[in-house]
Amino acid sequence: MIKKDSFTSCLSRQQVIEIDACTQCGECLKKCPVQDVTGDASVSPREKIRIFREFIKSTQGLKGMLFGRRRVNQELLEEFTKAIFECTTCGACGEVCPVGIYTQRLWPMLRREMVRRGLGPIGPQKLIPGFVKETGNVYDKPASERFSPWFPEGVEPVAKAKIAYYVGCTGAYEAHPMVRGDALVLAAAGEPFTMLGAEEEVCCGFPLFITGQFDLLEGLVKQLVSAYQDKGVETLICSCPCCVNMMAREWPLFLGKELPFRIRHMTQFASRALAEGTLKLKSGFNGKVIYHDPCYLSRGVGVIEEPREVLRAIPGLKLLEFDRNRRDSRCCGAGGAARKVFHENAVAIGRLAIDEAWEKNADRFILSCPACYSKVNEAMEGYEKQVRITDIMELLAGCL
Amino acid sequence: MAILLAIVAYAALLVFYVGVTVRFLIYIRGDGSPAPGGKQSISSILLAILDIFLLRRLFNANPGIWPGSWVFHISFILVFLGHLRFFFYDVPRWMIVLAQIKPYAGVALIASLAYILIYRLVWERMKYSSIYNLMLTATILLLGLTGLFLAQYFRADITAAKNFMMGIFSFRIIAPPQNWLFPLHFLLAFVVLAFLPTHIFTAPFTTIESRRRQEETEGLLHD
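Presented here is a report on the structure given in the accompanying data block.

Calculation notes
Residues numbered from 1 in each chain as written. Chains lettered and ligands numbered in written order. Predicted model: local features only at pLDDT ≥ 70, side-chain atom pairs only at ≥ 80, totals over all residues. Heavy atoms only, no water. Pairing = 2+ DSSP bridges. Helix = DSSP H or I, 4+ residues; strand = E, 2+ residues; numbered from the N terminus. Axes fitted to C-alpha atoms, helices over the stretch in contact; angles between N-to-C directions. Contact = heavy atoms within 4.5 Å. 1 Å grid on protein atoms, 1.4 Å probe; cavity = no way out; pocket = protein on both sides within 12 Å on 5 of 7 lines; lining within 4 Å. Points joined across faces, edges and corners; volume = space filled by probe spheres on them. Nonpolar A, V, L, I, M, F, W, Y, C, P; charged D, E, K, R; others polar. Phe/Tyr/Trp six-rings, centres within 6.5 Å; stacked < 30°, edge-to-face > 60°. Buried < 20%, exposed > 50% of the residue type's maximum accessible area, 1.4 Å probe, protein only. Lys NZ or Arg CZ within 6 Å of the ring centre and 35° of its normal. Salt bridge = Lys/Arg side-chain N within 4 Å of Asp/Glu carboxyl O. Core = buried A, V, L, I, M, F, W, Y, C linked by side-chain atoms within 4.5 Å.

Residues and elements named next belong to chain A. Strands sit in the order 6-5-7-8 across an open sheet of four strands; the sheet is parallel. If you trace the sheet from one side to the other, it starts and ends with strand 6 (317-321) and strand 8 (388-391), each paired once. Across the sheet, the axes of successive neighbouring strands diverge by a mean angle of 35 degrees, strand direction being ignored. Looking at chain direction, strand 5 (residues 287-291) and strand 6 are connected through five bridges and run parallel. Bridging across to strand 6, Lys 288 finds its partner in Lys 318. On the sheet, helix 16 (residues 305-312) packs against strand 5, strand 6 and strand 7 (364-367) and is oriented at approximately 150 degrees with respect to strand 6.

Now the structure itself:
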């Protein structure tokens, strides 16, 4: 039951405690990508928590009790809404937080509160529910084009199998080399896999969740889980870290029970197939590559070593690391559905990663996330420091 | 003077108790969102306790400020416990021991706060510090300094101080010790109590939860 005045209705008990637990130490500012490119402390994690705490105090705290519930300043609410939606939700702030606040989950819930108050989401984010309802994807593209432009010839998913491959909207419409690589690697491993039809494979719900628009979520989750269950799926594989995060963390909550199958990232499948010898490489790659840990893969679900195992298995390849890697990785600018609204921030954040890849003389900038792939490619456009961007499965498929 | 100090003490105690109660009510009412949760292993809880005791997450985030912060937290607890003898007629042995440790803890408290302030102001050039944090640090530093001066240079009559404190808590207000520094130290203590950051109660729970989450994350996509 959501209470009208309450600022804590959308939060779990733990999250209310987390908001109180912030010591305002400012360590998060050192890792915030939006801070890096804007220098605007008002959009810092610490400031967002401080302002939200004030909202709670003025309505439900001692001040509110003694002097009556005050009307929260509308201008401050609007500023807060902008700040909360400008965030890339990369979770680097939570990773470095000295008390361990789970910011990667807190920000979507604060966004949800602003959506409930009619203040969010911002700009094109408002269109997401309509697009998902109409087309099943967040890009308002026809479902018929979900697989056809990129799906490799000769690869034949079966009707029912223990393994299923979920493509995801961003991969299907914005990162073709990546999802093509996925399909080729899956086929080469020799294990039969199944897929839903282009009309059936709808959005996983992540863009709705991350923008605080929860209305369609339960329906989407139940529809997808039921469809995979009908196919006898035991393992659902996906290469999009955002989808994987949504499936592993949020689907059980919206479904109301444990998932009837396991979720795995594509790099986990490839790493295991390479180790077991079911996936054999015919060629290698002679060059230096630098691997970027996607926020929702490393910090989100803890898939950190498998992408590196895949890369190390490629003959001739020399793996470089970003200064900030693994759970400490830097955001590429694509996260939090902010890239479509705060495009300049996203490009500037992406270029910070490009700068480092370029300075380290990497031949390829390796990604394993379609949102990163799409945004870093945009950031590369017209930039003087050019490094070729390649998805990890695109690279691996090239060695088959 | 006694009445004024008593009013400040009662007001600060009221703000503290009511504030904590209201926050507790807010915590228990906030349950609108589906939230992940699950069991936590004993080893994870033990590691979380170590995290809290050693401020491990702060060490990882900022090893430069960690020594100051760790010494501050430990010495603050020791100084606080060392003051307990002012509130009991029959002082147990362990309180006497803590009271003997208190002067050393007090020096450590002052040194650690000075270190934190210098680190924040000079080394980090205030880039990441909040005004609230700096004000609180400065107030506790002043509290520590007045306490040190009271103990070492401008000694107050300890028996009078104890009687005054006992009077406050039994609502029988008597005159404070004749010492110009005592009222300042007393007022600062209650200002700190009124503005005591509630993270001292909630941060440990958050740290324990972060360990549970870490354990959960490791098992999300791995067998």
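That covers the picture; the talk isn't over yet.
Right, let's get into the layout of surface pockets. The calculated volume of the second largest pocket comes to roughly 850 Å³. For the second largest pocket, the lining is made up of 31 residues, of which Arg 53 and Lys 57 of chain A together with Arg 23, Leu 196 and Thr 198 of chain B are closest to its centre. Among the secondary structure elements, those contributing two or more residues to the lining of the second largest pocket are helix 1 (13-21), helix 3 (45-60) and helix 4 (62-67) of chain A together with helix 1 (2-29) and helix 8 (181-194) of chain B. A total of eight residues in the lining of the second largest pocket trace back to one element, the largest contributor, which is helix 1 of chain B. The residue inventory of the lining of the second largest pocket, partitioned by class, reads 19 nonpolar, five polar and seven charged.

Let's shift gears to the packing of aromatic side chains. What the rule picks out here adds up to 31 aromatic pairs over all chains. An angle of 75 degrees between the planes, with centres 5.3 Å apart, marks the rings of Phe 154 of chain B and Trp 180 of chain B as edge-to-face. Of this pair, Phe 154 of chain B sits in the loop between helix 6 (131-152) and helix 7 (158-169) while Trp 180 of chain B sits in the loop between helix 7 and helix 8; the two residues are 26 residues apart in sequence, bridging distant segments of the chain. Accessibility expressed as a relative area gives 59% for Trp 180 of chain B, which makes it exposed. Each ring, one from Phe 186 of chain B and one from Phe 190 of chain B, has its centre 4.8 Å from the other, and the planes form 45 degrees; the classification is tilted. Of this pair, Phe 186 of chain B and Phe 190 of chain B both sit in helix 8, four residues apart, which is roughly one turn of the helix. Joined through ring pairs, the aromatic side chains of Phe 7, Phe 52, Phe 55 and Phe 80 of chain A make up one cluster. Above the ring of Trp 107 of chain A, the side-chain terminus of Lys 48 of chain A is found at 4.2 Å from the ring centroid.

Scanning the entire structure with this criterion turns up 36 salt bridges over all chains. The partner of Glu 124 of chain B in a salt bridge is Lys 30 of chain A, with the nearest N and O atoms 2.8 Å apart. With one member in each of two chains, Glu 124 of chain B in the loop between helix 5 (93-123) and helix 6 and Lys 30 of chain A in the loop between helix 1 and helix 2 (33-38) form a pair that bridges those chains. The salt bridge involving Arg 327 of chain A is made with Glu 95 of chain A; its shortest N-O contact spans 3.0 Å. One end of the pair, Arg 327 of chain A, is in the loop between strand 6 and helix 17 (343-359); the other, Glu 95 of chain A, is in helix 6 (residues 92-96), and 232 residues separate them in sequence. With relative accessibility at 29%, the residue Arg 327 of chain A sits in the partly exposed group. If you follow the salt bridges from partner to partner, you end up with Asp 293, Glu 305, Arg 308, Glu 321 and Arg 326 of chain A in one network.

A separate point is the nonpolar core. Membership of the largest hydrophobic core comes to 121 residues, with the highest contact counts inside it found for Phe 52 and Trp 251 of chain A. Looking at this core element by element, the count peaks at nine residues for helix 13 (residues 241-255) of chain A. Residues in contact with Trp 251 of chain A, not counting those within four places in the same chain, are Cys 204, Val 221, Leu 224, Val 225, Leu 236, Met 246, Leu 259 and Phe 261 of chain A. With 37 residues, the next largest nonpolar core counts Ala 12, Leu 143, Ala 156 and Leu 181 of chain B among its residues.

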